[in-house]
Amino acid sequence: MQAVQQLFTEKYRPQNLEELILPERVMNKFKDGLVQNMLLAGSPGTGKTSTAKAIVKQFKMPYLYINASTDTSVDVIRTRITDFCSTVSIMDGPSSMKVVILDEVDGVSDQFFKALRATMETFASNSRFIATCNYINKLPDPILSRFEVINFDFDKEDEAELTKKYIRRVYEICQKEGLQIEKPALLEFVRRNFPDLRDTLNKLQGFKSQGTLDIKVEDVKRFNSVYKDIFELIFNETNPVVNYKTLVSNYSNRVEDVLQSLGGDFIDYINQEKSQYVKHIPEITVEVAQHQAQRLSVIDPVITMLSLVFKIQTIIKK
């Protein structure tokens, strides 16, 4: 198995606001810069993290990025965030507004939220916070009241506005990557994956990594995922040492995406290519949910990924 050298999701991540594919109602919120704290809430893959990074780059604001799904300790606030907000850089000047990006903040503890509230108040004069979350119901009201909430879930009107832009973006990436895609296949591909652009790019990379360079409608309708090699490893590998070496060497920096794929794409993979194992889907789904919840409690998230893969292998061998 060869590791993917660079993920399409990072290679083609928008670098400024103009490159984002978002409804006008969302884009209008940023036209004057970052005036107040913002919470970007919505489904995975709709552009929340890309938007946060594009804002600070567009307006040349010094920023600190925190992956709150893994950096969950209160010490992150007491050290990294406090140090960043309290120091003044000669390059930035005393009047420069700083920004803290808290990615996937819905995964932190109550203690983290309490410390965050105090920190936001302390540095309100020189710092702004951009937070992202998939599940806004997990955030307490005292935190929500400190942000302007921007909804990244698209309605029917948004879908009509954005579909053409999604199609154009996918076609342009295909051209850059040496992929040919028929128009009916392109339309079907976008329709199946909209609005999750991250998943769309992962599946597009799956075509390239598997050698499908001329994409037709029947290819789109077949199962495809950039993590298909992990799924095949689960069914075909019996040596736990090989499991460990493969996963750690190739996927230690993509634990979140792997856990998500095992709860989504892997189920589709079983339905389409391993139908004799469909009876195990409920047990696998429960196991995935438990490991996704447990990942916040372990020191090294890679352990969670390894544990889940080993557990799924045990289930399917019953």
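This text follows the structure it describes.
Residues numbered from 1 in each chain as written. Predicted model: local features only at pLDDT ≥ 70, side-chain atom pairs only at ≥ 80, totals over all residues. Heavy atoms only, no water.

**Remarks on the pairing of strand 2 (residues 63-67)**
Reasoning step 1: Side chains of strand 2 alternate between two faces, with L64 and I66 buried and Y63, Y65 and N67 left unburied.
Reasoning step 2: Two strands pair when backbone bridges link them, and strand 2 and strand 3 (residues 98-103) are joined in this way by five bridges, in the parallel orientation. Its bridge partner lying in strand 3, Y63 is registered against V99. (Buried < 20%, exposed > 50% of the residue type's maximum accessible area, 1.4 Å probe, protein only. Helix = DSSP H or I, 4+ residues; strand = E, 2+ residues; numbered from the N terminus. Pairing = 2+ DSSP bridges.)

**Some thoughts on the sheet that holds strand 4 (residues 127-133)**
Reasoning step 1: An order of 2-3-4-1-5 is seen for the five strands of this open sheet, with the pairing classed as parallel. Each edge of the sheet is formed by a strand with only one pairing partner; in this case those strands are strand 2 and strand 5 (148-151). Each neighbouring strand pair of the sheet contributes to a mean axis angle of 15°, computed without reference to strand direction.
Reasoning step 2: Along the sheet, helix 4 (residues 74-86) contacts strand 2, strand 3 and strand 4; its crossing angle with strand 2, the most-contacted strand, is approximately 165°. (Axes fitted to C-alpha atoms, helices over the stretch in contact; angles between N-to-C directions. Contact = heavy atoms within 4.5 Å.)

**With respect to the layout of surface pockets**
To find the voids left in a structure, one rolls a probe of water-molecule size over its atoms.
Reasoning step 1: Roughly 220 Å³ of volume is contained in the second largest pocket.
Reasoning step 2: Lining the second largest pocket are 13 residues, and of these D199, Q260, S261, G264 and D265 sit closest to its centre.
Reasoning step 3: The set of elements that each furnish at least two residues to the lining of the second largest pocket consists of helix 9 (197-209), helix 13 (255-263) and helix 14 (265-273).
Reasoning step 4: With four residues, the single largest contributor to the lining of the second largest pocket is helix 13.
Reasoning step 5: A breakdown of the residues in the lining of the second largest pocket according to their chemical character gives one nonpolar, six polar and six charged. (1 Å grid on protein atoms, 1.4 Å probe; cavity = no way out; pocket = protein on both sides within 12 Å on 5 of 7 lines; lining within 4 Å. Points joined across faces, edges and corners; volume = space filled by probe spheres on them. Nonpolar A, V, L, I, M, F, W, Y, C, P; charged D, E, K, R; others polar.)

**Digging into helix 11 (residues 228-236)**
Reasoning step 1: For helix 11, the full list of buried residues reads K228, I230, F231, L233, I234 and F235.
Reasoning step 2: Contact partners of the buried residues in helix 11: helix 12 (240-251), helix 13, helix 14 and helix 16 (301-316).

**Describing the environment of D75**
Reasoning step 1: Following the sequence through the fold, D75 ends up in helix 4.
Reasoning step 2: Separated by 40 residues in sequence, D75 and A115 have C-alpha atoms that sit 9.4 Å apart.

**Here we look at the environment of L187**
Reasoning step 1: Here L187 shows up in helix 8 (residues 183-193).
Reasoning step 2: Overall, the relative accessible area of 41% leaves L187 in the partly exposed class.
Reasoning step 3: A C-alpha to C-alpha distance of 15 Å links L187 and D214, two positions 27 residues apart in sequence.

**Things to note about the nonpolar core**
Reasoning step 1: Among the nonpolar cores identified, the biggest contains 42 residues, and F30, L40, Y166 and L204 are the most heavily contacted of them.
Reasoning step 2: Elements with a contribution of two residues or more to this core: helix 2 (24-27), strand 1 (38-41), helix 3 (48-58), strand 3, helix 7 (156-176), helix 8 and helix 9.
Reasoning step 3: Among the elements that take part in this core, helix 7 stands out by supplying six residues, more than any other.
Reasoning step 4: Excluding anything up to four places from it in sequence, L204 contacts F8, V170, I173, C174, L179, F189, I215 and N224.
Reasoning step 5: Residues L262, F266, L308 and I312 belong to the second largest nonpolar core, which totals 29 residues. (Core = buried A, V, L, I, M, F, W, Y, C linked by side-chain atoms within 4.5 Å.)

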